[in-house]
Amino acid sequence: MVNVSVLLAISDPNVGVVLSEYLRLRDFRVDYGSSASEAFNAAAKNHYDFCLFGLDSPDEQLQLITDIRRICDTPVFALQARFDKEEQIAFYGVGADDCLVQPLVPDLLICKMEAMLNRWSDYQKRLPTVFDYPDMHFDSVTQTLRVGNDSRHLSNKENGVLLILCRNANQSVERGAILKQVWLSDSYFNARSLSVYINHLRHYIEPFSPVRILSMRYRGYKLIVETNEG
């Protein structure tokens, strides 16, 4: 699939090299590593459409998926020589989208990946793009923010950050997750840039609306929207 990026973390180099070459032949863009640390560092710095993890240690693989889920929602397949019921429950519990037994059938793997990516694309299209809060209206498609009587066109970065916060209103969003989605990298300089854009959004919103953007110490940010019910 053209322009689809895949992150592989496979302990067995024979499997890893063969699988990465097969995916490249099918027009996937592939980054391949053999350890959990390599995979996590790559996922923290780059955007991927899909992850395939097959590490020798199930515990290490479970921890990797847990860590990945802290920074992104990218579909993840776990690969093992075998899975018992408890292991499958554990993998699904930490956020794996499927558990595949090796040796893999390459054509079946491609079919599963394409099906998952199509469903993920449909899911993304169904996510809200327009938000109405007290004294605030935000349209992420037109990149328009109206607060009180003031209306402005947001930059791409401002729009991306505010969209993530609005889709997770009243929930904390980790700084790394925002950086991965908007900047595609969580470097120190991008993190400083994010802080600047958060301040921009606060300046636009907070003097004129009860909506607030809170900083969560050492974690990220939370958009606070108070609702009056009953």
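Scroll up to find the structure this text is about.
Cut-offs applied
Residues numbered from 1 in each chain as written. Predicted model: local features only at pLDDT ≥ 70, side-chain atom pairs only at ≥ 80, totals over all residues. Heavy atoms only, no water. Pairing = 2+ DSSP bridges. Helix = DSSP H or I, 4+ residues; strand = E, 2+ residues; numbered from the N terminus. Buried < 20%, exposed > 50% of the residue type's maximum accessible area, 1.4 Å probe, protein only. Polar contact = N/O pair within 3.5 Å; in protein donor to acceptor, adjacent residues only side chain to side chain. Contact = heavy atoms within 4.5 Å. Axes fitted to C-alpha atoms, helices over the stretch in contact; angles between N-to-C directions. Parallel < 35°, antiparallel > 145°, perpendicular 65-115°, else oblique. Left-handed = near helix turned anticlockwise from the far one by under 90°. Nonpolar A, V, L, I, M, F, W, Y, C, P; charged D, E, K, R; others polar.

S.K.: Help me understand the pairing of strand β9 (residues 150-153), please; the structure alone is not making it clear to me.
M.R.: For a regular strand, the rule is simple: side chains alternate between the two faces of the sheet. As paired elements, strand β8 (residues 144-147) and β9 share four bridges and run antiparallel to each other. Among the inter-strand pairings, V147 is bridged to a residue of β9, identified as D150. The turn joining β8 and β9, which pair antiparallel and follow one another in sequence, is formed by two residues; a positive phi near 60° is taken by G148.

S.K.: For this particular structure, what's the right way to read the pairing of strand β6 (residues 130-133)?
M.R.: Across the two faces of β6 the burial differs, with F131 and Y133 buried and V130 and D132 not buried at all. Bridging between β6 and strand β7 (residues 136-139) involves four bridges; their strand directions are antiparallel. For F131, the partnering residue across the bridge sits in β7 and is F138.

S.K.: Which parts of the structure should I look at to understand unusual backbone geometry?
M.R.: Most of the time, phi is negative for any residue but glycine, and the peptide bond is trans. In this model, Q102 is joined to P103 through a cis peptide bond whose omega is 5°. In this fold, P103 is placed in the loop between β5 (98-101) and α5 (106-126). Phi at D27 is positive, roughly 75°, even though this residue is not glycine. Topologically, D27 is positioned in the loop between α1 (13-25) and β2 (28-33). The residue D135 is not glycine, and still its phi comes out positive at about 60°. By the element assignment, D135 lies in the loop between β6 and β7.

S.K.: I keep staring at the side chain of S11 and nothing clicks. Help me out?
M.R.: Along the chain, S11 falls in the loop between β1 (4-10) and α1. Polar side-chain contacts of S11 include one of 2.9 Å to the backbone nitrogen of D56.

S.K.: Got a minute to help me understand the side chain of N190 in this structure?
M.R.: With respect to the element layout, N190 can be found in helix α8 (residues 188-205). Of the residues examined, N190 reaches a relative accessible area of 17% and is grouped as buried. Discounting chain neighbours no more than four positions away, the residues touching N190 are L179, W183 and S185.

S.K.: Sorry if this is basic, but what is going on with the packing of helix α3 (residues 58-71) against helix α4 (residues 85-94) here?
M.R.: Orientation of α3 relative to α4, taken along the N-to-C sense of each, is 20°, at an axis distance of 9 Å. As far as their axial angle goes, α4 and α3 are roughly parallel. Relative to α4, the crossing made by α3 is right-handed. From α3, P58, Q61, L62, I65, T66 and R69 reach across to α4, where they touch E87, A90, F91 and V94. Of the residues contributing to the contact of α3 with α4, the split by class is six nonpolar, two polar and two charged.

S.K.: Mind showing me how you'd approach the sheet that holds β1 here?
M.R.: Sheets are built from strands paired through backbone hydrogen bonds, the pairs being either parallel or antiparallel. Spatial ordering of the open sheet is given by β2-β1-β3-β4-β5, a layout of five strands whose pairing is parallel. Strand pairing shows two members of the sheet lacking a second neighbour, β2 and β5, which therefore form its edges. Pairwise comparison of adjacent strand axes, ignoring direction, gives a mean angle of 20° for this sheet. Of the strands in this sheet, β1, β2, β3 (50-54) and β4 (76-80) touch α1, which is tilted by about 165° from β2. Packed on one face of the sheet, α4 meets β4 and β5 and runs near 140° to β5.

Honestly, that's just the spatial picture; any functional story needs more than this.
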